[in-house]
Amino acid sequence: MTKFMATYRVLSKCKPYKFFYFRMFSSEQLKEKAGLVLGVYTADTTGQMKLTSTAQTFNEKANGQLIQHIKLAGPSIKKGKGQVFYNQDSEFPVTAVVGLGTEDAGYNEQEEIDEKLENIRIAASEGCKKLQEVGVTKVVLDGMGNPEAAAEGATLGLWLYQGFKDKQKQKVAPQIQLCSENEAERTAWERGVIKAQAQNVARNLMDTPANYMTPRIFAQNATELLTAHDVKVTVRDKSWAESKKMGSFLSVARGSTEPPVFLEISYTGASSQYKPIALVGKGVTFDSGGISLKPPAKMDEMRADMGGGACVVAAIYAAARLKLKVNLIGLIPLTENLPSGSATKPGDVVHAMNGKSIIVDNTDAEGRLILADALCYAQEFNPQLTVDIATLTGAIRIALGSAAAGVYSNSTPLFQKLQQAGALTGDRVWRMPLWQHYTKAMTDTQSADLLNVSKVAGAGSCTAAAFLKEFIPSGNWIHMDIAGVMSTSNKLPYLSKGMTGRPARTLIEFISNLEEGSKSC
C-alpha cells in the first residue's frame, strides 16, 4: 500500500478513552512536512510533569492538547522513551515527545558523568528515530536545555553504516535542524553537529570492510577529507620508514602484500610559538594476529583495529571545522598484520627507531610495535603533549568492559582534564596504573632491551602501557587503550550496532580545552 493511516493509538487506563484516531496523512504528505521533537521531564512526586520551554510554547499554541494527550498516554513519558502524536499543528503534522528524566539531573559523582547532557542525547536520538520510522524527512528539534548535546544525540543516533547495502533498502536519515533562532543556541547546536559528524567519520572508517580499507585507501580517504579543510597531509611510504629506521613498525608489515603507509597530518590553528599536541593513532587496518593467529570467532571485527587512527583523523577534522586555536600533529602508522612466509616469527628480534631491541614473543601484540616507532618520531616535533590512542589490548575490555576507555598518563592534571571531558561527552575514561612494577615485567630479559609481551600472566593492558612508556623520552604523555569501547558490545542508546568511533568526542572536547592561551600544559 502506498498510503497509510497515520493514527495515534492510546492505550489508556481510563476506559472512556481507549482509542483516539486522527486524520489521515499519506507518506507523501509527511515527507512534505516537518516533524517536531519535544522534551518533557519526568513527573515529580505530585504527579506533575513539566514541558521544556519549547514544548510549553507548542502546547500553548495547540490550546493545551499536547499535555492532555501525554497524560492520556500514561502518567508520564519515561526517560529515554518517546511517544508519537499526530495532528497537533498544521506546520508539524507529526510530533515526537521524549522523556528527559528529572529536571534536576546533573553531574553524578558516583557515575562520573553529566546525566543531564546524556539524557538529552538519548532523548534527541530517540525522538529522531521515532519520526524516521513514520517517514518524516525533516526533523526540527527542541534544544532541550542544551542544543549541543541535542545535536550530538540526533546526529549520532540517525547514522548507521550501510556501505554495501542495496541503495533501495538503505534507511534515509531525515534532515535535522534546531527549533530556535537564538544565535548562541544555534552556535552550540552547530558545534554539537560537527563533533558528532567527526565521530561518524571514525565510525565509517572503522566499519568499512578491510579489503576496502587498506593502508593506502585509509590514507587516501583521510587526505581527501582533511585537505578539503586546509589540513596538510603527507603520505610516507615504506622507503621513508626504512630511512627512519622504524624496524619495529616495519616488522608488523612484513606478512602482508599490502605496503605499509605512515600518515603525517598537520593542523595549524595557533601561532608558531604554541607547541603542537601530537596525536598518535594505531592504524592496523586488519589484524589476524600474524603467525600468532587469532581464533576465528569475531576476527572480522579486527577491521576496526585502526580505531585509534580513525579517532585521530576525526579529532583533527573537528578541530579544523571548529577552527580551534591549537596546533596538532597526527601520526598514524598504517599496516595489516597477516601470516605468511615473510611474516615476523615469535622469538624474532626487531629494533625500534630509538635503537631499542625488542623480542617479539607474540606477533598478535603488534599495536605496541607500530606505536613505538610513531612515538619516537613524534618527539621530533617537540610537542607539549603526546596522546596515543589504540585498540591495544583485550585485557582492557576484561577490566572495564565497554563503560570507559582505559587511560595511562604521567600527568595527573592532564588526566583530570581528560576525565572532565569524558564526563561532559558521556564517553568516560578511567585511569589505570603506570607503575615500575609493570615496566620490570617488560624488561625482564637478558638477550634484548624489551619483550613485546610480559612473561607474567595478568595486567595485559598495564604491561602494554609500560612498554610504550619506554618510547617517550620526556614530556607529558597520555595513552588511551580503547579496545573495550571499539564496538557496541552493549547497546548504547544513540549508537547503532557496529563500530562506535569512541572516544572521538572526548578527545575533541579535551583538545578544545587546551587551546592557545590556556595554561593546561
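All figures in this text were calculated on a predicted structure; none of them were measured in a lab.

K.L.:
Kindly report on the overall build of the protein, identifying the contributing residues and their values.
P.N.:
On a plain count of helices and strands, the protein comes out with 16 helices and 20 strands. Taking 2.2 N^0.38 as the reference for a compact globule, 521 residues should give roughly 24 Å; the C-alpha atoms of the protein span a radius of gyration of 25 Å, in line with that estimate. If you line up the protein on its principal axes, its C-alpha atoms span 85 × 50 × 45 Å. In the protein, of all internal contacts separated by at least 6 residues, the share reaching a separation of at least 24 is 75%.

K.L.:
Explain the packing of helix 6 (residues 183-207) against helix 16 (residues 504-512) residue by residue, including any values.
P.N.:
At a closest axis distance of 8 Å, the pairing of helix 6 and helix 16 adopts a crossing angle of 130°. With respect to helix 16, the axis of helix 6 lies oblique. The handedness of the crossing between helix 6 and helix 16 is right-handed. Packed against helix 6, whose contacting residues are R191, K195, A196, A198 and Q199, the element helix 16 presents A504, R505, I508, E509 and S512 at the interface.

K.L.:
Describe the pairing of strand 12 (residues 283-287), listing the residues and the values that go with them.
P.N.:
Most of strand 12 sits out of view: five of its five residues are buried. The pairing of strand 12 with strand 13 (residues 327-337) spans four bridges and is parallel. For F286, the partnering residue across the bridge sits in strand 13 and is E336.

K.L.:
I'd like a rundown of the packing of helix 4 (residues 115-133) against helix 5 (residues 147-157), residues and numbers included.
P.N.:
Between helix 4 and helix 5, whose axes approach to 7 Å, the crossing angle comes to 45°. Here helix 4 is positioned oblique relative to helix 5, judged by the angle of their axes. Of the two possible hands of crossing, helix 4 and helix 5 adopt the one that is right-handed. Counted together, L117, I120, R121, A124, S125, C128 and K129 of helix 4 and A149, A150, E152, G153, A154 and G157 of helix 5 form the full contact between these two elements.

K.L.:
Give me the lowdown on the sheet that holds strand 19 (residues 450-451), citing residues and values where you can.
P.N.:
Strand order in the open sheet formed by three strands is 14-15-19, and the pairing between neighbours is mixed. In this open sheet, the two strands that pair with only one neighbour each are strand 14 (348-351) and strand 19. Pairing analysis gives two bridges linking strand 15 (residues 357-360) to strand 19, with the strands arranged parallel. Bridge pairing in strand 19 places I359 opposite L451.

K.L.:
Residues and numbers for the pattern of salt bridges, please.
P.N.:
On inspection of all chains with the given rule, the structure shows 25 salt bridges. We note a salt bridge from K130 to E126, for which the minimum N-O separation is 3.9 Å. With a gap of four residues between them, K130 and E126 both fall in helix 4, about one helical turn apart. Under the relative-accessibility criterion, K130 is labelled partly exposed at 24%. Of the charged contacts in the structure, one is a salt bridge between R191 and E509, with a shortest N-O distance of 3.8 Å. Taken together, the residues R191 in helix 6 and E509 in helix 16 connect sequence positions 318 residues apart. Linked by salt bridges that have partners in common, E118, R121, E148, E152, R191, K195, R505 and E509 make up one network.

K.L.:
Kindly report on unusual backbone geometry, identifying the contributing residues and their values.
P.N.:
Put simply, R502 and P503 share a cis peptide bond, and its omega is 0°. With respect to the helices and strands, P503 occurs in the loop between strand 20 (476-481) and helix 16. For E112, which is not a glycine, the phi torsion comes out positive at approximately 55°. Relative to the helices and strands, E112 is located in the loop between strand 5 (107-108) and strand 6 (113-114).

So, how was this worked out
- Note that residues are indexed from 1 along each chain, following the sequence as it is written.
- Totals for whole chains, interfaces and linings use every residue, but because this is a predicted model, local features are given only for residues with pLDDT of at least 70 and side-chain atom pairs only at 80 or more, for both listing and counting.
- Water and hydrogen atoms play no part in the side-chain values, which are based on all heavy atoms of the structure.
- The secondary structure listing takes helices from DSSP runs of H or I that are at least 4 residues long and strands from runs of E that are at least 2 residues long, numbered from the N terminus.
- Radius of gyration: over C-alpha atoms. The globule rule applied is 2.2 Å multiplied by the number of residues raised to the 0.38 power.
- Residue contacts follow a heavy-atom distance rule, with two residues in contact if any of their heavy atoms lie within 4.5 Å.
- The axes used here are C-alpha line fits, helices contributing only the stretch in contact, and every angle between their N-to-C directions lies in the interval 0 to 180 degrees.
- Orientation labels follow simple angle bins: below 35 degrees gives roughly parallel, above 145 gives roughly antiparallel, 65 to 115 gives roughly perpendicular, and whatever is left gives oblique.
- Handedness of a helix crossing follows the sense of rotation of the near helix relative to the far helix, less than a right angle counterclockwise being left-handed and clockwise being right-handed.
- With a 1.4 Å probe rolled over the protein chains alone, any residue whose accessible area is under 20% of its type maximum counts as buried; one over 50% counts as exposed, and the rest are partly exposed.
- DSSP calls a pair of strands paired once it identifies at least 2 bridges connecting them.
- Should a side-chain nitrogen of Lys or Arg be within 4 Å of a carboxyl oxygen of Asp or Glu, the pair is scored as a salt bridge.

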